[in-house]
Amino acid sequence: AQSVAQPEDQVNVAEGNPLTVKCTYSVSGNPYLFWYVQYPNRGLQFLLKYITGDNLVKGSYGFEAEFNKSQTSFHLKKPSALVSDSALYFCAVRYYNTDKLIFGTGTRLQVFP
Amino acid sequence: GAGVSQSPSNKVTEKGKDVELRCDPISGHTALYWYRQSLGQGLEFLIYFQGNSAPDKSGLPSDRFSAERTGGSVSTLTIQRTQQEDSAVYLCASSERTDGYTFGSGTRLTVV
């Protein structure tokens, strides 16, 4: 079955430190991979996507993600965290032969001053 | 419009009543999706439209839930005989083929 997993319910990091939010997906063809962020009482905002090409994808607000086919992972990273990055982050996968995004359960990122 | 618009933003209804939630997608986006987000939970897929047809309605939780889309644009999600477990934020999104979704701000439904 097509699925995506976010193994951490919450990630805590000090401001200025690098952050990583993990995401893995099940193997079935060539996936399209996405990261979204949800701030309190707001809808989801698109951060970045991987369709094909360079495995390192850069997105909004200084975030980037690396597609690793051998590990079936698409971890979200940022070199230096900001308090304003505190939010709920969702990884999602969409397979080339479908139009439906399958979302992970979300990871709450808390950046402490 | 510039974004995906959902109305109402908040809805409080009594158990057993019917509710209609509206989504106005980005102009020109052929695909439209409904998701549900319960408190502290991830996003649960409900239904997907391509144009006015719904090739995937596998996520609708029961026959109390239905949705339609007219003119390849506005969509309405209807919940009949609402139950307390229907309380959630209902999110609508639209997209083009290989892009990600653009989400609306959601409708927070509270069944009392």
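Reference entry: report on the structure contained in this document. (Residues numbered from 1 in each chain as written. Chains lettered and ligands numbered in written order. Predicted model: local features only at pLDDT ≥ 70, side-chain atom pairs only at ≥ 80, totals over all residues. Heavy atoms only, no water.)

**Examining the nonpolar core**
Stage number 1. Counting 28 residues, the largest nonpolar core has A:W35, A:L47, A:L48, A:F74, A:L76 and A:Y89 as the members making the most contacts within it.
Stage number 2. Within the residue set of this core, elements represented by two or more residues are β2 (10–14), β3 (19–21), β5 (31–38), β6 (44–50), β8 (64–68), β9 (73–78), β10 (87–95) and β12 (107–112) of chain A.
Stage number 3. The element best represented in this core is β10(A), accounting for 4 residues.
Stage number 4. Among residues more than four places away in sequence, those in contact with A:Y89 are A:Q6, A:W35, A:Y36, A:V37, A:L47, A:F63, A:L76, A:G106, A:T107 and A:L109.
Stage number 5. Listed in part, the 20 residues of the second largest apolar core include A:Y32, A:A92, A:L101 and B:A93. (Core = buried A, V, L, I, M, F, W, Y, C linked by side-chain atoms within 4.5 Å. Buried < 20%, exposed > 50% of the residue type's maximum accessible area, 1.4 Å probe, protein only. Helix = DSSP H or I, 4+ residues; strand = E, 2+ residues; numbered from the N terminus. Contact = heavy atoms within 4.5 Å.)

**As for the interface of chain A and chain B**
Stage number 1. Each partner contributes to the interface: chain A provides 21 residues, whereas chain B provides 23 residues.
Stage number 2. Both sides together, the interface formed by chain A and chain B hides about 1600 Å², and carbon and sulfur atoms give 47% of it.
Stage number 3. In this structure, B:D56 and A:K100 form a salt bridge, with 3.1 Å as the shortest nitrogen-oxygen distance.
Stage number 4. Remark: the boundary between chain A and chain B carries 5 residue pairs in polar contact (both at pLDDT 80 or more).
Stage number 5. For the side of chain A that touches chain B, the elements supplying multiple residues, two or more each, are β5, β6 and β10 of chain A. (Buried area = accessible area lost by both parts, 1.4 Å probe. Salt bridge = Lys/Arg side-chain N within 4 Å of Asp/Glu carboxyl O. Polar contact = N/O pair within 3.5 Å; in protein donor to acceptor, adjacent residues only side chain to side chain.)

**Regarding the environment of A:N55**
Residue and element names in this part refer to chain A.
Stage number 1. Structurally, the position occupied by N55 is in the loop between β6 and β7 (56–58).
Stage number 2. C-alpha of N55 to C-alpha of E66: the two residues are 11 residues apart in sequence and 5.5 Å apart in space.
Stage number 3. In contact with N55, not counting residues within four places along its chain, are Y50, A65, E66 and F67.

**Some words on the state of the cysteines**
Stage number 1. With the rule as written, the count across this model stands at 2 disulfides over all chains.
Stage number 2. With a sulfur-sulfur separation of 1.9 Å, A:C23 is cross-linked through a disulfide to A:C91. Its S-S torsion of about -60° marks the bond between A:C23 and A:C91 as left-handed, since a negative value means left-handed. Note that A:C23 is positioned in the loop between β3 and β4 (24–25) and A:C91 in strand β10, a separation of 68 residues in sequence.
Stage number 3. Covalently, B:C23 is tied to B:C92 through a disulfide, its sulfur atoms 1.8 Å apart. Measuring the twist about the S-S bond at about -65°, one finds the B:C23-B:C92 disulfide to be left-handed. Pair noted here: B:C23 is in strand β3 (residues 19–24) and B:C92 is in strand β9 (residues 88–95), with a separation of 69 residues, a long-range link.
Stage number 4. We classify B:C23 as buried; its relative accessible area is 0%.
Stage number 5. For B:C92, a relative accessible area of 0% gives the class buried. (Disulfide = S-S within 2.5 Å.)

**With respect to the sheet that holds strand β7 (residues 65–69) of chain B**
Residue and element names in this part refer to chain B.
Stage number 1. If you trace the 4 strands from one edge of the open sheet to the other, you get β1-β3-β8-β7, paired in antiparallel fashion. At either margin of the open sheet sits one strand with a lone partner, and together these are β1 (5–7) and β7. When the angles between neighbouring strand axes are averaged without regard to direction, this sheet yields 15°.
Stage number 2. When β3 meets strand β8 (residues 75–79), the two strands line up antiparallel, connected through 5 bridges. Following the sheet pairing, R22 is matched in β8 by T76. (Pairing = 2+ DSSP bridges. Axes fitted to C-alpha atoms, helices over the stretch in contact; angles between N-to-C directions.)

**Overview of the side chain of A:T107**
Residue and element names in this part refer to chain A.
Stage number 1. In this fold, T107 is placed in strand β12.
Stage number 2. A distance of 2.7 Å separates the side chain of T107 from the backbone oxygen of E8, its partner in a polar contact.
Stage number 3. For T107, the contacting residues outside a window of four places in its chain are Q6, E8, D9, Q10, V11, V21, A87, L88 and Y89.

**Comments concerning the pairing of β7(B)**
Residues and elements named next belong to chain B.
Stage number 1. One ladder, built from 5 bridges, connects β7 with β8; its direction is antiparallel. What sits directly across from S66, in β8, is T78.
Stage number 2. The hairpin turn running from β7 into β8, its antiparallel successor, is 5 residues long, and G71 in that turn takes a positive phi close to 60°.

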